[in-house]
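Architecture at a glance
Residue strings, one per chain:
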Amino acid sequence: MSSKDAIESKLIGSFPGRFVGAMPVRQFIDFLPEADSRPVMPNVLLPEEFLAFLRKFTPNFDLVDTSGCPDSSVVVGGYEFQPTMGLYKSESARNGVTDMSAMEAWIITKPFAQQDPFIDPLPDEDFTAPIPCPEVELLPYWDTKRDCYPAFESSNKQSISTRAHMVACTNAFFATQFRRFGFSILLCGSMARFVYWDRSGAVVSRRFQYTSNFAPLAEFLWRLNRAPPGDRGVDVSVVPVSLPESQDSVVRELLGIGSSVPLYGYIVPVDTALQKYDAEGRPSTTHHFYVGPRPIPKQCSLLEQRTRSFHVWDFTQKRVVFFKETWRLHSQGIRTESEVYREMHTHRSSRIHNIPTFEHGGDMSALGTTTITHSFSKSWWCCTPNHRACLPLVQHRIILRDVERNLSTFKTPTEFLTVFMDALTAHQEAYKYHGLLHRNISMENIGITSEGRGLLMGWECCSSESRKELLEIQMGTPPFMSGALLDQSTPDKHHVLADDLESFLHVMMYTIVRYLPSTMNIQDRDTLLQMFDEEYVIDKTGRAIGGLRKRKYLADPGSHIVKKFRAPPEIATLLRELCELFPIRYNAAIQLIERHTHDPRFKTRGDLIATHQEMMAYVNFSLPSNEECDEDICDFYTATVNRYGF
C-alpha cells in the first residue's frame, strides 16, 4: 500500500458506516427552502458553458477554481485534498484562493463515472417493505424481515480515493468554521450527487446525469444562493463583533490575543434549572452573550470534532471566563454536562472539590443545533439502515470559572504533581459520592487555576457506574484511553474504574515526557511518545481500535523504554511505580497467579487498581516538602502540537 493509499484508507476509516443513502434527488433539494425568480434554463448545455451556467445560478456567491491551490487544512499526511471549486459569499474576506474557513459549499469533480464512491440500489426499491414469500407452501416458515441490504459504499480503489477526498474536505470545513451542517456537490463524469453533512454522518442523494438533465443542479444551486445563512448550515449563534476602541484593547489584553485576531460573539443559554420568569410567565433572560476569538482548529476527523473550549470575555461580570461547546449524545437517560456540574456543586454533604465553578449553560436545541442524519435510517429509500449515526447529537454550551490555563503549561514539577493530585481527588470524590466514572480523562480535561491548583473538567462523557448500558458505549480521547478499551478482542468491554485510572497514567506519562526536560535522548523520547500518536482504526460499530503499544508496555513495564526516563528523580520514580500497578490487566502470567491466590492476607495487584488509594498514595508521597529547588520549566516549554491539539 502506497503512502497516499494509507492516508486515504485512514480518512475513510475515520468516517465508518456514516453515509446514508440513496435519497431521491427531489427530496434532497427540499433540504433548502424554495426560492422564486430563478433564471431561465438553457435548452442545451455545452461543456465550455458549464462554469458560466453555475455562476448564473449563484449570483450571490463567488465560484472559484480551487483545484491547484490547497490550504493547510486540506493537506493530510503531505497530500493535497482541496475541492475542485469553492463557493464563497460574494466579496467576502478570505485567505488565499482556497480557504475552507470561508467557503459556503464546495464541489469535487472527477473525470470518470467509475470514480463515483457510491452504488445506487434499484429505482423505487422500498427497503421498509416486507420481503414477499416466493411460494405459498413456504409462508408459515417465511421471515419477511429484510436482513440483507445492497452495498452502498463502493469498494474499488478509485471510489475509495474519491470518498477519502470528500471526507478530507469535510473535516477541514467543519474544523475551521462555526457550522451546524453543510452541503457539497460531487461530479463524476456526467453524473452528479448532492451530500448533506452534519456531525453524526452524511446523507447522499441518488446520482443523476446533470449534462442532459441539469434542472436538479440548477434548482439546488439557486435555492442555496437564495437561502439565509441558517438554512445553509451557518451557526447563527456566533457572530463577528467589533468593540469600541476603549474596550477592544483591554479585552484583547485580558484574553491574551493580538490586535489582528477577529473577535466573535457567542450565545450561551442560561442555566434552565435556575431560570427566572416575569409576571406573564416568560423567561426574563434566555441567553448570555460573550466575546472571544475563534478557537484554533484541529486537524482531525469530523466525528472527533465534538468539543471546543477557550477563554471569553463576560461583559456582565467584567471578567474572563471559560467557554465550552460540546456536541453531545441526545438521548433519554444521558445527562448533560450542565446537570452533572449542578449535581456535584449543590449537594453540601457530597460536594466535589477541584472542579470548575459552573455558572450556567444548556442545550442549543432551540436554535436548531441538533443533527438529523439519524432520522433517515428508517426511510423507505435507505439501503444503509445499520449506519452508525443511530443517535442524534445536540450542541451544548457552558460557562465555567477558575480555569486559568491547561495542563501542558505547568511551571514546575511540584505544580504538575499538585495539579495531578487535585484531579485525582476530584475523580475519587465523584466516584465515591455519586458513583460517576469520568470516561474522558485527557490533557484537555485537566486545568490549572491561577493559584496553581488542579481542576478536573470535561464531564460530558461521564456515566453512573450503575448504568451498564451506557458503559458499553466507548467514550474518551484515543491517545489517553486504556489499552483494554481499545482492544479489538473485547468489543463488549464495559468501562470500569481501572480504565479511568489507566487514563490518568497515560496523561501523566505523555505530559512529563512531552513537556518536562530530561536526559532521555530524542530517539527514545519519540519512541515513547509513539504509543500516544499511533494510528487508530474506527471499526464498523464506531469503536476506536488500537492501543497495542499501551498493552505491551503495561504488561511488562520493567522491560519498556519508560525505564530510561530519568529526570527529575521524584517524577521518574513515581512513573515507574504507577506503571507497576497495571500489569495485572495485560500480563497473562500475572493474571494466572491472581486467579490462584486465595489467601486474603495478601493484597494483589488486581486489588490495587480497583480503588484510587494506591495511585493517590504514590502521587502524594512524591510531592516534595519544600519547593526551593523546584526548577521552573517555562524556558523548556515547546509549542509543537500533535494531531490531537496538545
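Residue positions within a chain follow its written sequence, with the count starting from 1. For this predicted model, a pLDDT threshold of at least 70 governs which residues receive local features, and a threshold of 80 or more governs which side-chain atom pairs are given and counted, while totals over whole chains, interfaces and linings are taken from all residues. The side-chain numbers reported here are obtained from all heavy atoms of the structure, hydrogens and water having been left aside.

**Focus: the overall build of the chain**
- Along its length, the chain carries 17 helices and 24 strands.
- Note on exposure labels: buried denotes an accessible area under 20% of the residue type's maximum, exposed denotes more than 50%, and partly exposed covers the range between, all computed with a 1.4 Å probe on protein chains only. Across the 646 residues that make up the chain, the buried fraction comes to 53%.
- In the chain, 73% of the contacts between residues at least 6 apart in sequence involve partners at least 24 apart.
- Accessible areas in this description were obtained via Shrake-Rupley with a 1.4 Å probe; residue shielding takes into account the shown protein chains only. Per element, the accessible surface of the chain, about 29600 Å² overall, is 53% carbon and sulfur. Helix numbering and strand numbering both begin at the N terminus, where a helix is a DSSP run of H or I of at least 4 residues and a strand a DSSP run of E of at least 2. Working rule for contacts: check all heavy atoms of both residues, and any pair within 4.5 Å makes them a contact.

**A short note on the side chain of His165**
- With respect to the helices, strands and loops of the structure, His165 is situated in helix H4 (residues 157–175).
- For this analysis, a polar contact is any N or O atom pair within 3.5 Å, provided that within protein one partner can donate a hydrogen and the other can accept it, and provided that sequence-adjacent residues contribute only side-chain to side-chain pairs. There is a polar contact of 3.2 Å between the side chain of His165 and the backbone oxygen of Phe81.

**Some points on helix H5 (residues 215–226)**
- A helix is expected to span 1.5 Å multiplied by its residue count minus one. With 12 residues, H5 should reach 16 Å at 1.5 Å per residue; the first-to-last C-alpha distance of 16 Å fits that figure.
- Of all 12 residues in H5, 10 are buried, a share of seventy percent or more.
- Turning to H5, its buried residues number three or more, namely Pro216, Leu217, Ala218, Glu219, Phe220, Leu221, Trp222, Arg223, Leu224 and Asn225.

**A short note on the pattern of salt bridges**
- Whenever a carboxyl oxygen of Asp or Glu lies within 4 Å of a side-chain nitrogen of Lys or Arg, that contact is scored as a salt bridge. Under the definition given, this model contains 29 salt bridges.
- Between Asp62 and Arg94 there is a salt bridge; the shortest N-O distance is 3.4 Å. On the criterion of sequence distance, the pair formed by Asp62 in strand S2 (residues 61–65) and Arg94 in the loop between strand S5 (85–89) and strand S6 (103–110) is long-range, its members being 32 residues apart.
- Using a relative accessible area of 23% as the deciding quantity, one classes Asp62 as partly exposed.
- Salt-bridge contacts for Glu359 lead to Arg319; the nearest nitrogen and oxygen are separated by 2.6 Å. Within this pair, whereas Glu359 is found in strand S16 (residues 357–363), its partner Arg319 is found in strand S15 (residues 319–329), the two being separated by 40 residues in sequence.
- On the basis of relative accessible area, Glu359 is assigned to the buried category, the value being 13%.
- The class for Arg319 is partly exposed, based on a relative accessible area of 29%.

**Considering the sheet that holds strand S18 (residues 405–406)**
- Note on pairing: two strands pair once DSSP finds at least 2 bridges between them. As summarised here, the arrangement of the three strands in space is S18-S20-S21, forming an open sheet in which the pairing is antiparallel. Two strands lie at the open edges of the sheet, namely S18 and strand S21 (454–456), each paired on one side alone.
- In this structure, strand S20 (residues 446–448) lies alongside S21, joined through three bridges in antiparallel fashion. The partner of Gly447 across the bridge, within S21, is Leu455.

**Here's the deal with the pairing of strand S7 (residues 182–188)**
- With seven of seven residues buried, S7 lies mostly within the body of the structure.
- The pairing of S6 with S7 spans five bridges and is classified as parallel. Directly across from Ile108, in S7, lies its bridge partner Leu186.
- Examined bridge by bridge, S7 and strand S8 (residues 191–198) share seven bridges and lie antiparallel to one another. Across the sheet, Cys188 pairs through a bridge with Met191, a residue of S8.
- Between S7 and S8, which pair antiparallel one after the other, the connecting turn spans two residues, and Gly189 there sits at a positive phi close to 65 degrees.

**Examining the sheet that holds S15**
- In space, the seven strands of this open sheet follow the order S11-S12-S13-S14-S15-S17-S16, with antiparallel pairing throughout. Looking at which strands have only one partner, the edges of the open sheet turn out to be strand S11 (238–241) and S16. Each strand axis lies, on average, 35 degrees off the axis of its neighbour in the sheet, ignoring direction.
- The strands that helix H6 (residues 245–255) touches are strand S12 (263–269), strand S13 (287–293), strand S14 (307–314) and S15; relative to S14, the one it contacts most, it runs at about 135 degrees. To define axes, lines are fitted to C-alpha atoms, for helices over the stretch in contact only, and angles between the resulting N-to-C directions are given on a 0 to 180 degree scale.

**Some words on the confidence of the model for the chain**
- Per-residue pLDDT for the chain has a mean of 84; in total, 85% of the residues score no lower than 70.
- Segment residues 634–646 is flagged for pLDDT under 50; beyond a separation of four residues in sequence, or across chains, it makes 35 contacts in the model. Residue-level confidence of the predictor is what pLDDT reports, using numbers from 0 through 100.

**A look at the packing of aromatic side chains**
- Between 30 and 60 degrees the pair is tilted, below 30 it is stacked and above 60 it is edge-to-face, where a pair is any two Phe, Tyr or Trp rings, Trp via its six-membered ring, whose centres lie within 6.5 Å. Using the criterion set out here, one finds 37 aromatic pairs in the structure.
- On the numbers, 5.6 Å between centres and 25 degrees between planes, the contact of Phe28 with Phe194 is stacked. Of this pair, Phe28 sits in helix H2 (residues 25–29) while Phe194 sits in strand S8, and the two are 166 residues apart along the sequence. Like Phe28, the residue Phe194 is buried in the burial classification.
- Ring centres of Trp106 and Phe173 lie 4.8 Å apart, and the angle between their planes is 50 degrees; on these two criteria the pair is classed as tilted. Of this pair, Trp106 sits in strand S6 while Phe173 is found in helix H4, placing the two residues 67 residues apart along the sequence.

**Re the state of the cysteines**
- For the purposes of this analysis, a disulfide is any pair of cysteine sulfur atoms at a distance within 2.5 Å. Evaluated as defined, the whole model comprises zero disulfides.
- Of all cysteine sulfurs in the structure, the one in Cys462 sits closest to Cys461, which takes part in no disulfide; the separation is 8.3 Å.
- Overall, Cys461 belongs to the buried group, its relative accessible area being 12%.

**Some thoughts on the packing of helix H10 (residues 497–515) against helix H13 (residues 569–579)**
- Taken N-terminus to C-terminus, the directions of H10 and H13 make an angle of 150 degrees; their axes are 11 Å apart at the nearest point. In terms of their interaxial angle, H10 and H13 are classed as roughly antiparallel. Here H10 runs over H13; the crossing is left-handed. Of the residues in H13, those in contact with Leu505, Met508, Met509 and Ile512 of H10 are Ile571, Leu574, Leu575, Leu578 and Cys579.
- Classifying every residue of the contact of H10 with H13 gives nine nonpolar, no polar and no charged. Orientation categories follow fixed angle ranges, with anything under 35 degrees roughly parallel, anything over 145 roughly antiparallel, 65 to 115 roughly perpendicular, and all other angles oblique. In a left-handed crossing the near helix is turned counterclockwise from the far helix by less than a right angle, and in a right-handed crossing that turn is clockwise. Any residue that is not Ala, Val, Leu, Ile, Met, Phe, Trp, Tyr, Cys, Pro, Asp, Glu, Lys or Arg is counted as polar, Gly included; the first ten are nonpolar and the last four charged.

**Examining unusual backbone geometry**
- The omega angle of the peptide bond from Gly21 to Ala22 is 0 degrees, so this bond is cis rather than trans.
- One non-glycine residue, Lys318, lies in the positive phi region at around 55 degrees.
- Here Lys318 lies in the loop between S14 and S15.
- The class of Lys318 is exposed, set by a relative accessible area of 53%.
- Positioned with a positive phi, Asp402 is a non-glycine residue whose angle comes to about 85 degrees.
- Along the chain, the position of Asp402 falls in the loop between strand S17 (393–401) and S18.

**Side note on the side chain of Thr58**
- Checked against the element boundaries, Thr58 lands in the loop between helix H3 (50–56) and S2.
- At 2.8 Å, the side chain of Thr58 and the backbone oxygen of Leu54 are in polar contact.

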